[in-house]
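Below, each chain spelled out in residue letters.
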Amino acid sequence: MNGRSTPLGRTVTIVLAIVIAAWSAVPILWMILTSIKPQTAIRTREAVFVFAPTLENFNNLFFGGNKVGRFLVNSVITAGVSTLIAVVLGCLAGYGLAHWNSRFKKNVAFWVISTRMAPIAAVIVPLFVMFRTAGLVNTLPGLILAYLSFNLPFAIWMMSAFFEQVPKSIEEAALVDGCTKFQAFRSIALPVSMPGVVTTAVLCLVFAWNDYAFSTALGGPQASTMPMAAGALVTQSGVDWGLLCALGVVVAVPMLFAGLAVRRHLVTGLSLGAVTGE
């Protein structure tokens, strides 16, 4: 009640932190260990912790006829391009929404984010019908457009919240000095909101990179992504856990490194966007 933690409270906090960290980290560590185990150490009834590490699973994954390299290229293209477009358009639209003086502003902002709230299962069938009519099924542009349809509303809503945190006096001073509205956006608002840009980009990238529903329904032989490759490794004849864990490492590790690389901006961006202006 007085704001001071007791020894028991600190102990409970530490124990909970350790449990949560172990709950999150142990499956990832086990997946990494399994990916570098030989088959003799994987196909055992008991857990094997002492073994000679090998890259055999990664070698079979990329050069063993699984065509995972093509899946990886497709994932990089679709996730990267859709994230770039979503962030660029989200910054422009979010800035305009943040500076729009209208009594309908909150209604429009809610409408924008409400399009992102729809479950993917509810929009798969209409999207498939429209994409098939437009000839976008089994194409990379089709997947990029599908990811963009979910990432763009989220990017607009996030960036409008970040731009509302920029003091209006700074932009007004730039306008008085002779800057145009776009110059004030590019030189003042955008650099100040860079943590928000990074946060939005990382979250959009993670969604597009990990997506399975859109890639399964709208993709195909020519537009297969890494999550689809994981499903292809589970067959009726069994599961090759070495290959599957190696694929899991290839899918998960890039996102982990991306999050760690921008963790400072990510934490700052999420804390700044927690409270939006009126």
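Everything discussed here concerns the structure shown above.
Keep in mind that this is a model prediction, so the values were computed, not measured.

## A few points about the overall build of the protein
Counting secondary structure elements, the protein contains 14 helices and 2 strands. A total of 278 residues make up the protein; the buried ones form 36% of that total. Total accessible area on the protein stands at roughly 16,100 Å², and carbon and sulfur atoms take up 71% of it.

## Some words on the nonpolar core
In this structure, Leu61, Tyr147, Phe214, Leu218, Met226, Leu233 and Leu247 are the most contacted members of the largest nonpolar core, which totals 32 residues. Taken together, the elements giving at least two residues each to this core come down to helix 3 (56–63), helix 4 (68–98), helix 6 (120–134), helix 7 (140–163), helix 10 (194–210), helix 11 (213–218), helix 12 (226–232) and helix 13 (241–261). Here this core takes 9 residues from helix 13, the largest share from any one element. The contacts of leucine 247, once residues within four sequence positions are left out, are Leu61, Val68, Met226, Ala229, Ala230 and Leu233. Membership of the second largest hydrophobic core comes to 16 residues, among which are Ala98, Leu148, Met159 and Phe162.

## Notes on the side chain of asparagine 74
Among the structural elements, asparagine 74 can be located in helix 4. Among the residues examined, asparagine 74 registers a relative accessible area of 6% and is labelled buried. Among the polar contacts listed, one links the side chain of asparagine 74 to the backbone oxygen of serine 224, at a separation of 2.9 Å. Excluding anything up to four places from it in sequence, asparagine 74 contacts Leu140, Gln222, Ala223 and Ser224.

## A short note on the packing of helix 7 against helix 10
Running from N to C, helix 7 and helix 10 point in directions that differ by 160 degrees, and their axes come no closer than 10 Å. One way to sum up the angle between helix 7 and helix 10 is to call them roughly antiparallel. When the axes of helix 7 and helix 10 are compared, the crossing they make is right-handed. In this structure, helix 7 contributes Tyr147, Phe150, Asn151, Phe154, Ala155, Met158, Met159 and Phe162 to the contact, and helix 10 contributes Gly196, Val197, Thr199, Thr200, Leu203, Cys204, Phe207 and Ala208. Class assignment of the residues belonging to the contact of helix 7 with helix 10 gives a composition of 12 nonpolar, 4 polar and no charged.

## Observations regarding the packing of aromatic side chains
Scanning the model with the defined rule gives 9 aromatic pairs in all. Relative to phenylalanine 49, the ring of tryptophan 30 has its centre 5.7 Å away and its plane inclined at 65 degrees; by these criteria the two rings are edge-to-face. Placement of tryptophan 30 in helix 1 (residues 7–35) and of phenylalanine 49 in the loop between helix 2 (39–42) and helix 3 is noted, with a sequence separation of 19 residues between them. Among the residues examined, tryptophan 30 registers a relative accessible area of 36% and is labelled partly exposed. Aromatic pair tyrosine 147 and phenylalanine 207: ring centres 6.4 Å apart, planes at 80 degrees, arrangement edge-to-face.

## With respect to the environment of leucine 136
Tracing the backbone through its elements, the reader meets leucine 136 in the loop between helix 6 and helix 7. Leucine 136 gets classed as partly exposed once you look at its relative accessible area, which sits at 22%. Once residues within four sequence positions are removed from consideration, leucine 136 is found in contact with Phe131, Gly142, Leu145 and Leu218.

## Regarding the environment of isoleucine 188
Residue position: isoleucine 188 is located in helix 9 (residues 181–192). Discounting residues that sit within four places of it in the chain, isoleucine 188 has contacts with Ile170, Glu171, Ala174 and Gln183.

Rules of the game
- Residues numbered from 1 in each chain as written.
- Predicted model: local features only at pLDDT ≥ 70, side-chain atom pairs only at ≥ 80, totals over all residues.
- Heavy atoms only, no water.
- Helix = DSSP H or I, 4+ residues; strand = E, 2+ residues; numbered from the N terminus.
- Buried < 20%, exposed > 50% of the residue type's maximum accessible area, 1.4 Å probe, protein only.
- Areas by Shrake-Rupley, 256 points an atom, 1.4 Å probe, with all protein chains shown as cover.
- Core = buried A, V, L, I, M, F, W, Y, C linked by side-chain atoms within 4.5 Å.
- Contact = heavy atoms within 4.5 Å.
- Polar contact = N/O pair within 3.5 Å; in protein donor to acceptor, adjacent residues only side chain to side chain.
- Axes fitted to C-alpha atoms, helices over the stretch in contact; angles between N-to-C directions.
- Parallel < 35°, antiparallel > 145°, perpendicular 65-115°, else oblique.
- Left-handed = near helix turned anticlockwise from the far one by under 90°.
- Nonpolar A, V, L, I, M, F, W, Y, C, P; charged D, E, K, R; others polar.
- Phe/Tyr/Trp six-rings, centres within 6.5 Å; stacked < 30°, edge-to-face > 60°.

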